[in-house]
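A structural walkthrough
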Amino acid sequence: MFDMTPNILRNFFHKSSTRLYPKETRQAFGNARGELYNEIEACIFCRTCARKCPSQCITVDTKEATWQCDPFVCVYCGVCVENCPKKCLHQKNDYRKPVTDKEIIFMKGETKKKKCEGDPQET
Ligand code: SF4
Ligand code: SF4
């Protein structure tokens, strides 16, 4: 008991070693890989990200111009970001917040119009 007394006294006056998560959160490291976000205006719905994803959590519908990702299946490896030809896919530099509902990231863009012969040239 007497051996423990210094420890007990120190713990009374010392700052807590743990955080009151989620009220108190740790600041993310500089190169932390967080949730995905897609600059949907630049996305061409090529499906490269979906094909390369090792956990198959990305679904792209080229016809409907939709892009979606299940953040509960994603392992935050960054492979999709590295392989995106338009560089429109990014990862937030922050840890995901705790949630009570399972929400899928869903984004809808503009259907890209195919160029046909006879179309007026862009200026
Ligand atoms: S790889 Fe990039 S451009 Fe292609 S569908 Fe994915 S986010 Fe869009
Ligand atoms: S970060 Fe990795 S696991 Fe998550 S969507 Fe991209 S490729 Fe898939």
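I will try to describe carefully the structure that is included in this document. Just so we're clear, the structure is a prediction, and the values are computed from it rather than from any experiment. (Residues numbered from 1 in each chain as written. Chains lettered and ligands numbered in written order. Predicted model: local features only at pLDDT ≥ 70, side-chain atom pairs only at ≥ 80, totals over all residues. Heavy atoms only, no water.)

**A few points about unusual backbone geometry**
Generally, phi is negative for residues other than glycine and the peptide bonds are trans, each holding for most cases. Cis geometry is adopted by the peptide bond preceding P22, which originates at Y21 and carries an omega value of 5 degrees. Here the phi dihedral of A65 falls at roughly 55 degrees; this positive angle occurs in a residue that is not glycine. Looking at where A65 falls in the secondary structure, it is placed in the loop between β2 (58-61) and β3 (66-69). Phi angles above zero are rare outside glycine, and K87 is one such case at about 55 degrees. Its location among the elements puts K87 in the loop between α3 (79-83) and β4 (89-91). (Helix = DSSP H or I, 4+ residues; strand = E, 2+ residues; numbered from the N terminus.)

**Describing the sheet that holds β3**
Strand order across the open sheet formed by three strands is β2-β3-β5, with antiparallel pairing between neighbours. With one partner strand each, in any of the chains shown, β2 and β5 (105-108) form the two edges of the open sheet. With strand direction ignored, the average angle separating the axes of adjacent strands in the sheet is 10 degrees. In this sheet, β5 lies alongside β3 in antiparallel orientation, the contact comprising four bridges. For T66, the partnering residue across the bridge sits in β5 and is K108. (Pairing = 2+ DSSP bridges. Axes fitted to C-alpha atoms, helices over the stretch in contact; angles between N-to-C directions.)

**Regarding a nonpolar patch on the surface**
Taken together, the side chains of M4, I8, L9, F12 and F13 make up a nonpolar region of the molecular surface, amounting to roughly 600 Å² of accessible area. Turning to its location among the elements, F12 is positioned in helix α1 (residues 5-13). (Patch = residues over 30% accessible without salt bridge, like charges linked within 9 Å, V, L, I, M, F, W, Y side chains within 5 Å. Areas by Shrake-Rupley, 256 points an atom, 1.4 Å probe, with all protein chains shown as cover. Salt bridge = Lys/Arg side-chain N within 4 Å of Asp/Glu carboxyl O.)

**So, the site of ligand 1**
The environment of ligand 1 is made up of N38, C43, I44, F45, C46, R47, T48, C49, C84, P85, K86 and C88. Its residues assigned to classes, the shell around ligand 1 shows eight nonpolar, two polar and two charged. (Near = heavy atom within 4 Å. Nonpolar A, V, L, I, M, F, W, Y, C, P; charged D, E, K, R; others polar.)

**Observations concerning the packing of aromatic side chains**
By the definition in use, this model includes zero aromatic pairs. Seen from the ring of F72, R96 lies directly overhead, with NZ or CZ sitting 4.8 Å from the centre. (Phe/Tyr/Trp six-rings, centres within 6.5 Å; stacked < 30°, edge-to-face > 60°. Lys NZ or Arg CZ within 6 Å of the ring centre and 35° of its normal.)

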